[in-house]
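# Working through the structure, step by step
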Amino acid sequence: MTSSCDAIIIGAGPAGLATAAAFRARGLNAPILEKSDAVGAVWRRHYDRLHLHTDRLRSGLPGLPIPKAYGRYPSRAHVVEYLEAYAAKFDLKPVFNANVRSVRRDGRSWRAEAGENSRSAPIVVVATGWADYPHAPAWPGMETFGGPIMHSSRYRNPTPFAGKRVLVVGYGNSGAEIALDLAEAGVNVALSVRSPVNIVPRELFGLPILVFPTAEQWLPPRVADSINAPFVQFAIGSLEKLGLKRSAKGPIQAIKEDGRVPLIDVGTLDAIRDGRIKLRDDIASFTREGVDFKQSPAERFDAIILATGFRADLRPLLPDAKAALSATGAPLVSGRATAEPGLFFCGAIPSALGQFRQIGIEATRIADAAQSLRAA
Ligand SMILES: Cc1cc2nc3c(=O)[nH]c(=O)nc-3n(C[C@H](O)[C@H](O)[C@H](O)COP(=O)(O)OP(=O)(O)OC[C@H]3O[C@@H](n4cnc5c(N)ncnc54)[C@H](O)[C@@H]3O)c2cc1C
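Report follows, based on the coordinates.

The rules we used
- Residues numbered from 1 in each chain as written.
- Predicted model: local features only at pLDDT ≥ 70, side-chain atom pairs only at ≥ 80, totals over all residues.
- Heavy atoms only, no water.
- Pairing = 2+ DSSP bridges.
- Helix = DSSP H or I, 4+ residues; strand = E, 2+ residues; numbered from the N terminus.
- Axes fitted to C-alpha atoms, helices over the stretch in contact; angles between N-to-C directions.
- 1 Å grid on protein atoms, 1.4 Å probe; cavity = no way out; pocket = protein on both sides within 12 Å on 5 of 7 lines; lining within 4 Å.
- Points joined across faces, edges and corners; volume = space filled by probe spheres on them.
- Nonpolar A, V, L, I, M, F, W, Y, C, P; charged D, E, K, R; others polar.
- Buried < 20%, exposed > 50% of the residue type's maximum accessible area, 1.4 Å probe, protein only.
- Polar contact = N/O pair within 3.5 Å; in protein donor to acceptor, adjacent residues only side chain to side chain.
- Near = heavy atom within 4 Å.
- Areas by Shrake-Rupley, 256 points an atom, 1.4 Å probe, with all protein chains shown as cover.
- Salt bridge = Lys/Arg side-chain N within 4 Å of Asp/Glu carboxyl O.
- Core = buried A, V, L, I, M, F, W, Y, C linked by side-chain atoms within 4.5 Å.
- Contact = heavy atoms within 4.5 Å.

## Some remarks on the sheet that holds strand E9 (residues 165-169)
- With respect to topology, five strands assemble into an open sheet ordered E8-E19-E9-E10-E15, the strand pairing being parallel. Either end of the sheet is taken by a strand with one partner, and the two such strands are strand E8 (149-151) and strand E15 (277-280). For this sheet, the mean inter-axis angle between neighbouring strands, taken without regard to orientation, is 25 degrees.
- Examined bridge by bridge, E9 and strand E10 (residues 188-192) share five bridges and lie parallel to one another. Along E10, the bridge assignment pairs Val168 with Leu191.

## Some words on the layout of surface pockets
- Approximately 400 Å³ is the volume attributed to the second largest pocket.
- Put simply, the parts of the chain that give the lining of the second largest pocket at least two residues each are helix H6 (221-236), helix H7 (251-258) and helix H9 (355-375).
- Looking at side-chain class alone, the lining of the second largest pocket contains 13 nonpolar, four polar and five charged residues.

## Some words on the environment of Ser238
- If you trace the backbone, Ser238 turns up in the loop between H6 and H7.
- By relative accessible area, Ser238 is classed as partly exposed at 29%.
- Among the polar contacts listed, one links the side chain of Ser238 to the backbone nitrogen of Glu240, at a separation of 3.4 Å.
- Looking at Ser238, its side chain comes within polar contact range of the main-chain nitrogen of Lys241, at 3.0 Å.

## Remarks on the site of the ligand
- Among the 28 residues in the neighbourhood of the ligand, the closest are listed as Glu34, Trp43, His53, Thr54 and Phe356.
- At a separation of 2.6 Å, an oxygen atom of the ligand approaches a polar backbone atom of His53.
- Thr54 is positioned with one of its side-chain polar atoms (N or O) 2.8 Å from a nitrogen atom of the ligand.
- Contact with the protein chains hides 90% of the accessible area of the ligand, taken as 980 Å² for the molecule alone.
- Breaking the shell around the ligand down by element, the ones donating at least two residues are helix H1 (14-25), helix H2 (41-44) and H9.
- When the residues that make up the shell around the ligand are grouped by side-chain class, the tally is 14 nonpolar, eleven polar and three charged.

## Examining the pattern of salt bridges
- Counted according to the given criterion, the structure contains 25 salt bridges.
- For Glu184, the salt bridge is made with Arg49, and the minimal N-O distance between the two is 2.8 Å. Here the residue Glu184 occupies a position in helix H4 (residues 173-184), and Arg49 occupies one in the loop between H2 and helix H3 (76-89), the gap between them amounting to 135 residues.
- For Arg49, a relative accessible area of 23% translates into the label partly exposed.
- Put simply, Arg49, Glu177, Asp181 and Glu184 are held in one network by salt bridges that share partners.

## Brief notes about the nonpolar core
- Val168, Tyr171 and Leu182 are the most contacted members of the largest nonpolar core, which has 75 residues in total.
- Considering every element that reaches this core, the biggest residue donor is H1, with seven residues.
- In contact with Leu182, not counting residues within four places along its chain, are Tyr155, Pro158, Phe161, Val166, Val168, Val187, Val189 and Ile305.
- Of all hydrophobic cores here, the second largest spans 22 residues; its members include Val103, Trp110, Leu318 and Ala321.

See the structure below:
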């Protein structure tokens, strides 16, 4: 069965919900197709200790602030509760268990293929996030390693790693926090760092870190970064003394130009300083019992956690939308008209303002554009 509507929204995470609320406020009929059986599916399966790294006041979606009772940095469970409350407040009723396998051109419309839940509409908003695209590099000898190798998206808590030697690969937000989680549980943990890093404290002068890029958003990124640099450096201390290399671009410039999100430190640097987390360099190859590094001596490990990020490739989902995707299938623009008429992405590109905040901005902009398209 195919029913028609003003727009189709794919995904009932923060981006899909915010977009649906904005469409509804403009009187547009835009069902959400969600492949799981609940809203905020990805937040339900993040690791246990996760709290928002961005503060409550700058992470709420349009029309519903995150409750004060959740504290400045709400927990993962609070985020799930908040997304449920958001859907209830705007009476959003996603079609669950509707896995959109492809979105194809259908004359002047788009047709989302989801079996009996298929829909056609002139506008489609892809709000599928990147959680389904874990990126795992390949190293020589990887297949010979005798222990488990898992992506960070499958990590939940330190319990299965008690008494083991664990290598976390990648010093991004997930890798840093997972290494800290393991260290705090007394697990013998090392962190393999390949590239120069961009690290900012969670707070500066007692204010959440997002206050600064938000206040400076009209400045050129390089200027904003150079204003912040001495304060950031004072707050996080010397990275060079720890053997880390500082990225040549500042945090705001790196996110704007390369989509590289800075690492918001929640205690990992202290654990590195006091030796609870050992730093190692890039992996050269795997052995049956561990890892050969490019510079540090070879070491034995019982388990490896790849905190090596995500790389969305939307080519299979959007076979008729080549003009809107890069050569590797990543959206070229998010939150505004793409090169494919009627096709939008929400929350697809990292932002210096924080992703939740960016999602809210994009959702409102997409709904305004959809309203104009319908009126035209
Ligand atoms: C560990 C972690 C911590 C983060 N912390 C913060 C933070 O502190 N602050 C911040 O601002 N941002 C944070 N982010 C970034 C971002 O805000 C979140 O990833 C956010 O959940 C993105 O929302 P989304 O709706 O775009 O995607 P998701 O939350 O990933 O939701 C996508 C939805 O689409 C569904 N879906 C996917 N494919 C299909 C399909 N083919 N058919 C139907 N449904 C589909 C999924 O089931 C899912 O429900 C964090 C991200 C991660 C990974």
